[in-house]
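# Structural overview
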Amino acid sequence: MREIGKVDYHKCTRCGFVLSKTHGELDESKRNKLNSLFHHYIENQENEKKSNQPPYAEQAMMLSLLGKNGIISTDSMVDYAAGYGTLSNILAKYHCLELPIYDPYVQSDNSRRYIDESELKTYKTVINSAMFEHVLRREDLDRVNNIVDRDGCFIIHTVVCEKVPNDPNWFYLRPPVHTAFHTNKSMEILMGQWGYRSSIYCPQSKCWVLLRGNIEAIGKKIAILNQELQSNWFYCKNGFVDYWKGV
């Protein structure tokens, strides 16, 4: 960040959403270089303890559980902005599930699981892990949501809190590529604009599942699933699950 210097953030007075004005004004080549350097850095095993990687094993288990209980479809999935495809690897090896992946910046191998942008279609289940904090414009988010089928679900892994702290030392401000910070209220507004009526939250995988229908349709399935696991693996409600309300 030495080339960039001070970062200015703007906060929405209505919902508390915070966006970096500085990152938005960077030229595209400088922004792409920053993204590329950072992602290669965190994927390096030597730097593993310095980064906050998504809980891939728990995400894979979540997808398997929800799929086997008919809550989501695992027959038509894509992992959008999937990086090196770790989640896809775990699902294939341990859960016998195929997860095609798309990433505009990274392709770790020449396998058929990577798809080109021209091959993207609509899917019953779209997974997007750790991208919501990297966006600069609303259309960046709309682009992902547009590939969710009419009766599909959108699974999101990011940090969502009640109020973005006014603290320069907040842990989520430290990664130099984090540009957008979402609140419970901003997510409630966003999912409503996209036509989702209910959501599920899984603390273990730190993922929200946005659903088109009302929660009554799957609430009983979630209750039975939690009973089987003897743990509150899933929380659900109409609207956005504000699990981190006190944070």
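Since the structure is predicted, the reported quantities are computational estimates derived from the model, not experimental observations. (Residues numbered from 1 in each chain as written. Predicted model: local features only at pLDDT ≥ 70, side-chain atom pairs only at ≥ 80, totals over all residues. Heavy atoms only, no water.)

### A word on the overall build of the chain
Using the following cut-off: In this description a helix means any DSSP run of H or I spanning at least four residues, a strand means any run of E spanning at least two, and both kinds are numbered starting from the N terminus. Exposure categories follow from relative accessible area, calculated using a 1.4 Å probe and restricted to protein chains: below 20% of the type maximum is buried, above 50% is exposed, and the middle band is partly exposed. Contact criterion: two residues are considered in contact whenever any of their non-hydrogen atoms come within 4.5 Å of each other. To measure how exposed things are, a 1.4 Å probe is used in the Shrake-Rupley method; for residues, cover is taken only from the protein chains shown. Under the convention used here, Asp and Glu are negative, Lys and Arg are positive, and both His and the chain ends fall outside the count. A single reference atom marks each charge: NZ on Lys, CZ on Arg, CG on Asp, CD on Glu.
When helices and strands are tallied, the chain shows 7 helices and 11 strands. With the C-alpha coordinates aligned to their principal axes, the bounding extent of the chain is approximately 50 × 45 × 35 Å. Put simply, the chain has 247 residues, and 49% of those count as buried. Restricting the contact set of the chain to residue pairs at least 6 apart, pairs at least 24 apart contribute 66%. If you sum the accessible surface of the chain, you get close to 13500 Å²; carbon and sulfur atoms cover 48% of it. Here the chain contributes 30 positive and 29 negative side-chain charges, whose respective centroids are spaced 5 Å apart.

### Structural notes on the sheet that holds strand E7 (residues 160-161)
Basically, it comes down to this: DSSP-based pairing: two strands are paired if at least 2 bridges between them are found. Note on geometry: axes are lines fitted to C-alpha atoms, helical ones only across the stretch in contact, with angles between N-to-C directions running from 0 to 180 degrees.
One open sheet holds the 4 strands; their spatial order is E1-E2-E8-E7, and the pairing between them is mixed. The open sheet has two free edges, formed respectively by strand E1 (9-11) and E7, since each of these has just one partner strand. Note: E1 against strand E2 (residues 18-20), 3 bridges, orientation antiparallel. Bridging from a neighbouring strand, Tyr9 pairs with Ser20 of E2. Sheet strands in contact with helix H6 (residues 184-194) are E7 and strand E8 (180-183), and its direction is about 85° off that of E8.

### Considerations on the packing of helix H3 (residues 56-68) against helix H4 (residues 86-95)
Note the threshold: Here the word oblique covers every angle except those under 35 degrees (roughly parallel), over 145 (roughly antiparallel) and from 65 to 115 (roughly perpendicular). Handedness of each helix crossing follows the sense of rotation of the near helix against the far helix: counterclockwise by less than a right angle gives left-handed, clockwise gives right-handed.
Where H3 contacts H4, the axes come no closer than 9 Å and their chain directions differ by 55°. Viewed along their axes, H3 and H4 adopt a mutual orientation that is oblique. Like other packed secondary-structure pairs, H3 and H4 cross with a definite hand, here right-handed. Contacts between H3 and H4 involve Tyr56, Ala57, Gln59, Ala60, Met61, Leu63 and Ser64 from the former and Thr86, Leu87, Ile90, Leu91 and His95 from the latter.

### A look at the packing of aromatic side chains
To keep things clear, this is the line we draw: For Phe, Tyr and Trp, rings pair up if their centres lie within 6.5 Å, where Trp contributes its six-membered ring, and each pair is then called stacked (planes under 30 degrees apart), edge-to-face (over 60) or tilted (otherwise).
This structure, assessed with the given rule, holds 17 aromatic pairs. The interplanar angle of 65° and the centroid separation of 6.0 Å between the aromatic rings of Phe132 and Phe154 together place this pair among those described as edge-to-face. With a gap of 22 residues between them, Phe132 in the loop between strand E5 (123-129) and helix H5 (138-145) and Phe154 in strand E6 (residues 148-157) connect regions that are remote in the sequence. For the pair Phe132 and Phe154, one class covers both residues: buried. Linked through ring pairs, Tyr201, Trp208, Tyr235, Phe240, Tyr243 and Trp244 together constitute an aromatic cluster.

### Structural notes on the sheet that holds strand E10 (residues 207-211)
Sheet architecture is open: 7 strands sit in the order E4-E3-E5-E6-E10-E9-E11, paired in mixed fashion. At either margin of the open sheet sits one strand with a lone partner, and together these are strand E4 (101-102) and strand E11 (235-238). Pairing of strand E3 (residues 77-80) with E4, which is carried by 2 bridges, proceeds in the parallel orientation. Within E4, the residue paired with Tyr80 across the bridge is Tyr102.

### Brief notes about the nonpolar core
Buried together is how nonpolar side chains tend to be arranged in soluble globular proteins. Test applied: In plain words, nonpolar cores are sets of buried Ala, Val, Leu, Ile, Met, Phe, Trp, Tyr and Cys residues tied together by side-chain atoms within 4.5 Å.
Counting 29 residues, the largest nonpolar core has Tyr80, Leu120, Val126, Phe132, Phe154 and Leu210 as the members making the most contacts within it. Secondary-structure elements contributing two or more residues to this core are E3, E5, H5, E6, H6 and E10. Examining the composition of this core, we find that 4 residues originate from one element, H6, more than from any other. In contact with Phe154, other than residues within four places in its own chain, are Val126, Asn128, Phe132, Val144, Asn145, Val148, Trp194, Tyr196, Trp208, Val209 and Leu210.

### Some remarks on the pattern of salt bridges
Pairs can form between side chains of opposite charge whenever their charged atoms are close. To keep it simple, the criterion reads: Basic side-chain nitrogens of Lys or Arg form a salt bridge, by our definition, when they fall within 4 Å of a carboxyl oxygen of Asp or Glu.
The full count for this structure, using the stated rule, is 9 salt bridges. Ionic pairing is found between Lys21 and Glu25, a salt bridge with its closest N-O pair at 2.6 Å. For Arg138, the salt bridge identified is with Asp142, shortest N-O distance 2.9 Å. In this pair, Arg138 and Asp142 are both assigned in helix H5, 4 residues apart and thus about one turn of the helix distant.

### Thoughts on H4
Inclusion rule: The arc in question is the one traced by the directions running from the helix axis out to the C-beta atoms.
Turning to H4, its buried residues are Leu87, Ser88, Ile90, Leu91 and His95. Looking straight down H4, one finds that the buried residues subtend no more than 165° of arc, so they occupy a single side. In the core, the buried residues of H4 are packed alongside H3, E3, E4 and E5.

### Description of the state of the cysteines
Inclusion rule: Two cysteine sulfurs form what is called a disulfide whenever their separation falls within 2.5 Å.
Tallied over the entire structure, the rule returns 0 disulfides. Here Cys161 is not disulfide-linked; the sulfur of Cys15 is the nearest cysteine sulfur, at 11 Å.

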